[in-house]
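Single-letter residue listing:
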Amino acid sequence: MKTQLTGIRRKTSFSPNHVETDLAILRLTADEIEKQGYSVSLIEESELENVTIESPVIFNMCQGQAAICKLQKIEPTGKLIINSPTSVLNCYRYNMVKLLPEAGVKFPASFLVDTADPQIPQEVDAFPATWVKRGDVHAVSKGDVTLAYTREEIVAILHHHQRRGIPQAVLQEHIEGDVIKFYAVHKNAFFEWYYHNKYGLNTVDGAELRRLADLSAETMGLDVYGGDAIAGPGGDLTIIDINDWPSFAAFRERASKHIAEAIIEKAIEHGKLTD
């Protein structure tokens, strides 16, 4: 058996309605890595505080700040971490809403506001509707992402976030069109997408969607990722969300092979594994 790698499961509180599917993609990826002669040890992100990881390569689905902080301390010791803790932190909305537009990715108009003293920009009044989204991680409970139509609704939702201990929220323009979900492994052949509602009124240029997805991944620093886009009239595409290591539920078996391949290739490239 060759070098051991460590895989880190996502804490269940960050996998609403996806606990089993999130765990399944990680386990399948570990199985595929072991088929190549390496060994894999799996832990849960809440265990990070109490363990010392000796493996030179870590692949992880962590999303909590405590786990990200620990991985940021581990990384400078020479570990290769996929996805990197910085890339996961980049997916926190308060970072994403700045990074993607700056990189030239078409993204909805978005404003970061404090929930304790919400100052709602005048530009929001021109939105057809406004998504109020918690400013850090993706939705982990009901109410984390809510569509509002009036300032009064927005303020009420922001106060609800504040009472729950969420200090910042994003006010995001609602974009009309078909919701597209996509899944990818960066610099790898794997890329899949589908209409969220099983059908779409607007056509999608798959090559352009992949270009935007790749640009988003490069901007965020992600290797394993997914996301959401809106396909508007004429196929106009807008990225609305990027997720670090989703469950790949509809494509799990095939995706796990590509993820394992990408991990091993990158680890060999960085001198952490031998082929």
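My aim in this report is to walk through the structure given alongside it, one point at a time.

What follows concerns helix H7 (residues 252-269). For H7, built from 18 residues, the straight-helix expectation of 26 Å at 1.5 Å per residue is met to within 8% by its first-to-last C-alpha distance of 25 Å. If you check which residues of H7 are buried, you get Ala255, Ser256, His258, Ile259, Ala260, Ala262, Ile263, Ile264 and Ala267. If you follow the buried residues of H7, they end up packed against strand S1 (4-9), helix H1 (19-35), strand S3 (57-60), strand S4 (80-82), strand S9 (178-185) and strand S11 (224-231). Directly after H7, the chain includes Gly271, whose backbone phi takes a positive value near 75°.

Residue Asn83 is bonded to the preceding Ile82 through a cis peptide linkage, with omega at -10°. Checked against the element boundaries, Asn83 lands in the loop between S4 and helix H3 (85-90). For Lys187, which is not glycine, the phi torsion reads 55° and is therefore positive. For Lys187, a relative accessible area of 76% gives the class exposed.

Core analysis: the largest hydrophobic core is formed by 27 residues, its most contacted members being Leu5, Ile33, Phe59, Trp245, Phe248, Ile259 and Ile263. Within the residue set of this core, elements represented by two or more residues are H1, S3, S4, S9 and H7. Among the elements that take part in this core, H7 stands out by supplying seven residues, more than any other. In terms of nonpolar packing, the next biggest core, distinct from the first, is built from 25 residues, Val170, Ile180, Phe191 and Ala217 among them.

Turning next to helix H2 (residues 65-74). Within H2, burial applies to Ala67, Ile68, Lys70, Leu71 and Ile74. Each buried residue of H2 lies within a common arc of 160° when the element is viewed along its axis, so the set occupies one face. Those residues of H2 that are exposed and aimed more than 90 degrees away from the buried face are Ala66 and Lys73. Buried positions along H2 lie against S1, S3, S4 and H3.

Moving on, we get to the sheet that holds strand S7 (residues 145-148). Hydrogen bonds between backbone groups are what pair the strands of a sheet, and the pairing can be parallel or antiparallel. Read across the sheet, four strands follow the order S5-S8-S6-S7 without closing on themselves; strand pairing throughout is antiparallel. Pairing within the sheet leaves two strands with one partner each, and these edge strands are strand S5 (110-114) and S7. Pairs of neighbouring strands in the sheet enclose a mean axial angle of 25°, with direction left out of account. Where S5 and strand S8 (residues 168-173) come together, five bridges link them in antiparallel fashion. Looking at S8, one finds that Val113 is bridged to Ala169.

What follows concerns the layout of surface pockets. Space inside the largest pocket adds up to approximately 1,000 Å³. Counting residues per element, the ones that place at least two in the lining of the largest pocket are strand S6 (130-134), S8, S9, S11 and strand S12 (237-244). Of the residues contributing to the lining of the largest pocket, the split by class is 16 nonpolar, 13 polar and ten charged. A volume near 260 Å³ is recorded for the second largest pocket. Around the second largest pocket, the lining residues are Ile82, His186, Lys187, Asn188, Asp223, Ala262, Glu265, Lys266, Glu269 and His270. Sort the elements by how many residues they give to the lining of the second largest pocket and H7 lands first, with four residues. By residue class, the composition of the lining of the second largest pocket is two nonpolar, three polar and five charged.

What counts as what
- Residues numbered from 1 in each chain as written.
- Predicted model: local features only at pLDDT ≥ 70, side-chain atom pairs only at ≥ 80, totals over all residues.
- Heavy atoms only, no water.
- Helix = DSSP H or I, 4+ residues; strand = E, 2+ residues; numbered from the N terminus.
- Expected span 1.5 Å × (residues − 1).
- Buried < 20%, exposed > 50% of the residue type's maximum accessible area, 1.4 Å probe, protein only.
- Contact = heavy atoms within 4.5 Å.
- Core = buried A, V, L, I, M, F, W, Y, C linked by side-chain atoms within 4.5 Å.
- Arc of directions from axis to C-beta.
- Pairing = 2+ DSSP bridges.
- Axes fitted to C-alpha atoms, helices over the stretch in contact; angles between N-to-C directions.
- 1 Å grid on protein atoms, 1.4 Å probe; cavity = no way out; pocket = protein on both sides within 12 Å on 5 of 7 lines; lining within 4 Å.
- Points joined across faces, edges and corners; volume = space filled by probe spheres on them.
- Nonpolar A, V, L, I, M, F, W, Y, C, P; charged D, E, K, R; others polar.

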